Protein chains: 2
Amino acid sequence: MLRVGICQLNLTVGDLDGNVERMLAALAEVTERGGDVAVFPELAVSGYPPEDLLAKPRFALDCQAALEKIAAATGRCAAVVGLPVAGEGGELFNAAAVCANGAVAGVERKAHLPNYGVFDEQRHFSAGTPEALFDIAGAAVGISICEDIWIDGGAVEQLVAGGAELIVNLNASPYNIGKLDERLGVLRRRIERTGCPVVYVNLVGGQDELLFDGRSLVLDAGGSVTARAQAFAEEVLVVDVEVGRRGGSATLDGGALPRIPVSDRPAVTPAPLPVTPPAAPLEPSDEIYAALVLATRDYVTKNGFTDVCVGLSGGVDSSLVATIARDALGPERVHGVLMPSRYSSDHSVSDAELLCDNLGIEGRLIGIEPAHDAFEQMLAPAFTGLAPDLAEENVQSRIRAVVLMALANKFGWLVLTTGNKSEAAVGYSTLYGDSAGAFAPISDIWKLQVYELARRRNAVAGAALIPERVLAKAPSAELRPDQRDSDSLPPYESLDPVARAFVEGDKTVGELIAAGADPELVRRVGRLVDVAEYKRRQGPPGVRVTHKAFGKDRRMPITNRYRGEARD
Amino acid sequence: MLRVGICQLNLTVGDLDGNVERMLAALAEVTERGGDVAVFPELAVSGYPPEDLLAKPRFALDCQAALEKIAAATGRCAAVVGLPVAGEGGELFNAAAVCANGAVAGVERKAHLPNYGVFDEQRHFSAGTPEALFDIAGAAVGISICEDIWIDGGAVEQLVAGGAELIVNLNASPYNIGKLDERLGVLRRRIERTGCPVVYVNLVGGQDELLFDGRSLVLDAGGSVTARAQAFAEEVLVVDVEVGRRGGSATLDGGALPRIPVSDRPAVTPAPLPVTPPAAPLEPSDEIYAALVLATRDYVTKNGFTDVCVGLSGGVDSSLVATIARDALGPERVHGVLMPSRYSSDHSVSDAELLCDNLGIEGRLIGIEPAHDAFEQMLAPAFTGLAPDLAEENVQSRIRAVVLMALANKFGWLVLTTGNKSEAAVGYSTLYGDSAGAFAPISDIWKLQVYELARRRNAVAGAALIPERVLAKAPSAELRPDQRDSDSLPPYESLDPVARAFVEGDKTVGELIAAGADPELVRRVGRLVDVAEYKRRQGPPGVRVTHKAFGKDRRMPITNRYRGEARD
């Protein structure tokens, strides 16, 4: 039995002092509760992912100095601390230091470095190999980092072959829909093969486009979840963990590993902790919504802002974003801005006003007609004799961005932008217009999901927080008389699945047509997706909730003539 | 002796049909001139870098089909063709196919996959190992790809150990200042160790932020350059290359490699080709300028545009960008837009008009006062009682972006943005204002270099193409009365070296202070550089000319509290 303190903390990239302070507080709490070891997430000292901060040779040295402060604070209760560690040739390792009794007892280095999706670990790190086990309070503990536990025959299996009685796995595992089941599958497979219990510690909190969901886990040697930390919240979860293998189906490769003494058993065996049943998982829509709220809060506050503003059109996207912002920051920190034009419907203003009332947020009305008129006059000589088109529509959207940015600049607010993933996919937005802003809470949410989340939020509130008419009316940009999204785009019921197949499924036009999709629809959507790359490249970061968001997940060339028309 | 056709082509990512067409024409030319082998750049079929197009399983299949067309066109003259090739488990290789007599004779796979700087090859590719030599017209040829030749003891040395008499190295090696010398150093080192001559074929042309400079090379077994293709231009260079090792200082590891028969010697020994001396290298400023011109032309034309517009302030940045655009596209395709405000100096308009005259480009004047007045009126209720500050300044810059984008949208132009690297480094720009645009020709040029390039362009012209007063006056954004850059920033003579040390040298504040720099200056610049990350993230691609441009080269978190103050 080992008393483990799972320190599921919300840390910040580059905030070495702040991270150490939070870790010291958690260590004190675990120590106070009789813990044998406090376990922190992957790269806890630096925050995750530090990206090219790692290119500064000084950065790893500063992390090392920060580690010394944590090591100095340890006593019998050990601490397993993730941080970047420089090797002798200046190469870097994604490492975990095991500290106790005021010193660093040893270091384990991540063996499997993900370099796909949002991960670039081979850009920065060299791979380690399992080197030792750590004797913590009488248990032989194998320390592993994130990907190490995903690989059949990989580092974790070598640790168990080497004699580990418990695997401690440090993670910075980003959220996406379905991720918890994916993780449970991996952990159960590893336990099925090794018979070794696992303590899985995850980071929590937002970092640019990534959100770490926490939900740290303990699984026993039979693969059952015996403890689970909260979703989307910090927690220091202290649990008694049975150590020792029970079976295991795989023939494990790897010799016995040396053992590094770390800490003694407690002088007095403590009374067992009461067992609290694992928290129940959230409903799918609630899980996604909670992810958006935390990611938005963290982006705003970790970047030193307190308040945000949102342009409110009376449509569902901006209504949902304002609601997320209110739930993230509180109503007094959210400023709605209503910017009607000559083409705005009456309900665009009245619905936005009702939303502001429902949310308890400020609603400020700044009509854009003066600037709209002025630009028409300024552009008239150039545009004489030419029919109105997208150029005139985009001017209106850009005027609104000028207004929002002026308010943000003047009052120190951060602009939230309201585009969804369907719009981002097909470029149905105005660059430097409605796409302008510092953060995009729903940029990874398809339009049909936007409605789902809005309806679910109303259901949770037990009231039409987002007015019913907002959910009922046909989507429109209102940039010309009687405009509808459906004038320019296929209906979202057709658009979303096709765009999703291109973006998240990496399908080509030819493949989708061969699979029976409407050729005209597929060609049209495929072309729109490809051509919008230049707009997405200039978009702000948004919250990643799928396995493939725009941004780090999907690195497409802008200059790109591939049409993917071959069908065979 | 092998007659080699170096096909230094300007290919386009994803343009499989277009690339094949160009390659077939070059192959015909090499065949016609008695060549034994035509050699194409790395990933020629797909273009380089295809980035996440490689995530579409269909893409490599389409490249394979494109290769078949080239293979079918070969006769005795072989073709060495770079393309992505799928392995049996679905993994991808960065490969070179050797074709002759209508078929693919064999494939070699890149062994060393760069995953640093602008490169993400481990994201997409698995590593190969040298497998065979190719008997082409009687010579044992070792085929290698780019990085393979950079590594001591790596794939190229294994090929020579295995019996290669000539190394053919396919490249997509991006330009940066000093790159030619770096390449020559690597090639000479490899030849010094192996004694084996090298044919180094490089791609040419722009691809988003990357520019490939061509300058393909032939080095003999003594390390002397015997042929060099043009810089920044396509060329099919047919040369007679001596094959066979001569010495070599290293003990090479690796057994004899199997040999794949490809093609016969010519029936009749051709008369030797006249030897033309290698082209002389360009002057440093001319080299950089030529890079900017080609990259700008390729970005515009490969994305299907013909015309560009540039906002002209009468300052040196916009003047240089307009000149680059004129040299890239011709004067009739460049549209200067003069957008004075109440704060613009008289010379801002007259200098810009003179520039337009000198360049022979259109200069269109659209004063921004109507919109400026309108926004003041619209924002007055919100801004009552508050002192004017950056908010009001940014409004003017954003009005200009609205005008430029309206013209671009209406006439199908592409907006070039005019920010330099000094501004990008410290965030001295208005997001959605002067930073708005599709492409940034000088975003990797420090302000002091902007002056150098402008002066040199005038010297080459033998006239003040860029008016003398533009070069003489103090830099100003002209967003308030009598504004100067030096009101907000240290003089560029102080700013540039410090910002460069942070950005290109990966130094920290603490290190620079410890090295004796002015602490106040260093802290101020360091803070500005860090805080501007969110602006850079939304900037357009620009031309990379240093070893570390903003963008792919430098992937910094936005949310980042690292200040790098430690000094020891």
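Residues numbered from 1 in each chain as written. Chains lettered and ligands numbered in written order. Predicted model: local features only at pLDDT ≥ 70, side-chain atom pairs only at ≥ 80, totals over all residues. Heavy atoms only, no water.

Right, let's get into the relation of the copies chain A and chain B. The relation between the two chain copies is a rotation about an axis coupled with a shift along that axis. Under the fitted operation, chain A is carried onto chain B by 0.0 Å of movement along the axis and a turn of 180°, and the coordinates agree to an RMSD of 0.0 Å. Classification of the inter-copy transformation places it as that of a two-fold axis. For chain A, the residue whose C-alpha comes nearest the rotation axis is Gln538 of chain A, separated from it by 2.1 Å. Most of the interface of chain A is mirrored in chain B: 100% of its interface residues are interface residues there too. (Least-squares fit on C-alpha atoms with pLDDT ≥ 70 in both. Contact = heavy atoms within 4.5 Å.)

Turning our eyes to something else, we now look at the interface of chain A and chain B. Contacts between the two partners involve 89 residues from chain A, matched on the other side by 89 residues from chain B. Here chain A and chain B share 12 salt bridges between them. In this structure, Asp120 of chain B engages Arg555 of chain A in a salt bridge whose closest nitrogen and oxygen atoms are separated by 3.7 Å. Taken together, the links from chain A to chain B amount to 44 residue pairs in polar contact (both at pLDDT 80 or more). With 14 residues, the single largest contributor to the side of chain A that touches chain B is helix H10 (residues 390–411) of chain A. (Salt bridge = Lys/Arg side-chain N within 4 Å of Asp/Glu carboxyl O. Polar contact = N/O pair within 3.5 Å; in protein donor to acceptor, adjacent residues only side chain to side chain. Helix = DSSP H or I, 4+ residues; strand = E, 2+ residues; numbered from the N terminus.)

In this section: empty space enclosed by the protein. A full pass over the atoms with the stated rule returns 10 cavities of 30 Å³ or more. The space that makes up the second largest cavity amounts to roughly 160 Å³. When the residues that make up the lining of the second largest cavity are grouped by side-chain class, the tally is 9 nonpolar, 1 polar and 6 charged. (1 Å grid on protein atoms, 1.4 Å probe; cavity = no way out; pocket = protein on both sides within 12 Å on 5 of 7 lines; lining within 4 Å. Points joined across faces, edges and corners; volume = space filled by probe spheres on them. Nonpolar A, V, L, I, M, F, W, Y, C, P; charged D, E, K, R; others polar.)

Let's shift gears to the domain arrangement of chain A. Residue and element names in this part refer to chain A. Domain annotation of chain A identifies domain 1 (2–263) and domain 2 (284–484). On a C-alpha basis, the centres of domain 1 and domain 2 stand 41 Å from each other. Counting residues at the interface gives 14 residues for domain 1 and 11 residues for domain 2. Taken together, both faces of the contact between domain 1 and domain 2 bury some 970 Å²; the carbon and sulfur share is 60%. For the interface between domain 1 and domain 2, the tally reads 1 salt bridge. (Domains from an automatic or database assignment. Buried area = accessible area lost by both parts, 1.4 Å probe.)

Right, let's talk about the nonpolar core for a bit. Judged by nonpolar contacts, the single largest core of 56 residues is most densely connected at Phe375, Leu379 and Leu407 of chain A together with Phe375, Leu379 and Leu407 of chain B. If you list the elements that add at least two residues to this core, you get helix H9 (369–383) and H10 of chain A together with helix H9 (369–383) and helix H10 (390–411) of chain B. Apart from residues lying up to four places away in sequence, Leu379 of chain A is in contact with Val395 of chain A together with Ile366, Val403, Ala406 and Leu407 of chain B. (Core = buried A, V, L, I, M, F, W, Y, C linked by side-chain atoms within 4.5 Å. Buried < 20%, exposed > 50% of the residue type's maximum accessible area, 1.4 Å probe, protein only.)

What follows deals with the sheet that holds strand E17 (residues 334–338) of chain B. All names here are of chain B. Pairing within the open sheet is parallel, and its 4 strands lie in the order E18-E17-E16-E19. The strands lining the two open edges of the sheet, one partner per strand, are strand E18 (362–365) and strand E19 (414–415). In terms of strand pairing, strand E16 (residues 308–312) meets E19 through 2 bridges, oriented parallel. Residue Cys309 lies in a different strand from E19, and its bridge partner there is Val415. Contacting E16 and E17, helix H7 (residues 316–329) runs over the sheet at an angle of about 160° to E16. (Pairing = 2+ DSSP bridges. Axes fitted to C-alpha atoms, helices over the stretch in contact; angles between N-to-C directions.)

On to the pattern of salt bridges, then. Residue and element names in this part refer to chain A. Applying the stated rule across the entire model yields 96 salt bridges over all chains. Among the ionic pairs, Asp351 bridges to Arg469, the shortest N-O distance being 2.7 Å. Of this pair, Asp351 sits in helix H8 (residues 346–359) while Arg469 sits in helix H13 (residues 468–472), and the two are 118 residues apart along the sequence. According to the relative accessible area criterion, Asp351 is buried, its value standing at 3%. Its salt-bridge partner being Glu504, residue Lys421 comes within 2.6 Å of it at the nearest N-O pair. Here Glu504 lies in the loop between helix H15 (492–503) and helix H16 (509–514) and Lys421 lies in helix H11 (residues 421–426), a separation of 83 residues in the sequence. Of the two residues, Lys421 and Glu504, both sit in the buried class. Several salt bridges converge on common partners, so that one network encompasses Asp152, Glu157, Arg189, Arg190 and Arg193.

The next thing to look at is the environment of Leu9 of chain A. Residue and element names in this part refer to chain A. Inspection of the secondary structure puts Leu9 in the loop between strand E1 (2–8) and helix H1 (16–32). For Leu9, a relative accessible area of 5% puts it in the buried group. A sequence separation of 273 residues divides Leu9 from Leu282, and the C-alpha atoms of the two residues are 20 Å apart. Among all residues touching Leu9, those that are not within four sequence positions of it are Arg22, Met23, Ala26, Phe40, Pro41, Leu203, Val204, Glu234 and Val236.

Turning to the side chain of Lys548 of chain B, a few remarks are in order. Structurally, the position occupied by Lys548 of chain B is in the segment after helix H18 (533–537). Judged by relative accessible area, Lys548 of chain B falls into the buried class, the value being 11%. A distance of 2.7 Å separates the side chain of Lys548 of chain B from the side chain of Asp506 of chain B, its partner in a polar contact. Discounting chain neighbours no more than four positions away, the residues touching Lys548 of chain B are Ala55 of chain A together with Lys421, Asp444, Val503, Glu504, Asp506, Asp553 and Arg554 of chain B.

A separate point is the packing of aromatic side chains. This structure, assessed with the given rule, holds 16 aromatic pairs over all chains. Considering the side-chain rings of Phe411 of chain A and Phe383 of chain B, the 6.2 Å spacing of their centres and the 75° angle between planes classify their relative orientation as edge-to-face. With one member in each of two chains, Phe411 of chain A in helix H10 and Phe383 of chain B in helix H9 form a pair that bridges those chains. Overall, the relative accessible area of 30% leaves Phe411 of chain A in the partly exposed class. Aromatic rings pair up to connect Phe383 of chain A together with Phe411 and Trp413 of chain B into one cluster. Residue placement shows Lys410 of chain B over the ring face of Phe383 of chain A; its charged tip is 4.8 Å from the ring centre. The residue whose ring lies beneath Lys421 of chain B is Phe550 of chain B, and the NZ or CZ to ring-centre distance is 5.8 Å. (Phe/Tyr/Trp six-rings, centres within 6.5 Å; stacked < 30°, edge-to-face > 60°. Lys NZ or Arg CZ within 6 Å of the ring centre and 35° of its normal.)

So, about the sheet that holds strand E5 (residues 103–109) of chain A. Residue and element names in this part refer to chain A. The strand order across the open sheet formed by 6 strands is E5-E4-E3-E2-E1-E14, and the pairing between neighbours is mixed. Of all strands in the sheet, those bounded by a partner on one side alone are E5 and strand E14 (235–241). Each strand axis lies, on average, 30° off the axis of its neighbour in the sheet, ignoring direction. In this sheet, strand E3 (residues 78–86) lies alongside strand E2 (residues 37–39) in parallel orientation, the contact comprising 3 bridges. Note that in E3 the partner of Val37 across the bridge is Ala78. Set on the sheet, H1 makes contact with E1, E2, E3 and E14; between it and E14 the angle comes to about 35°. Running at roughly 165° to E3, helix H2 (residues 57–73) makes contact with E3, strand E4 (92–100) and E5 of the sheet.

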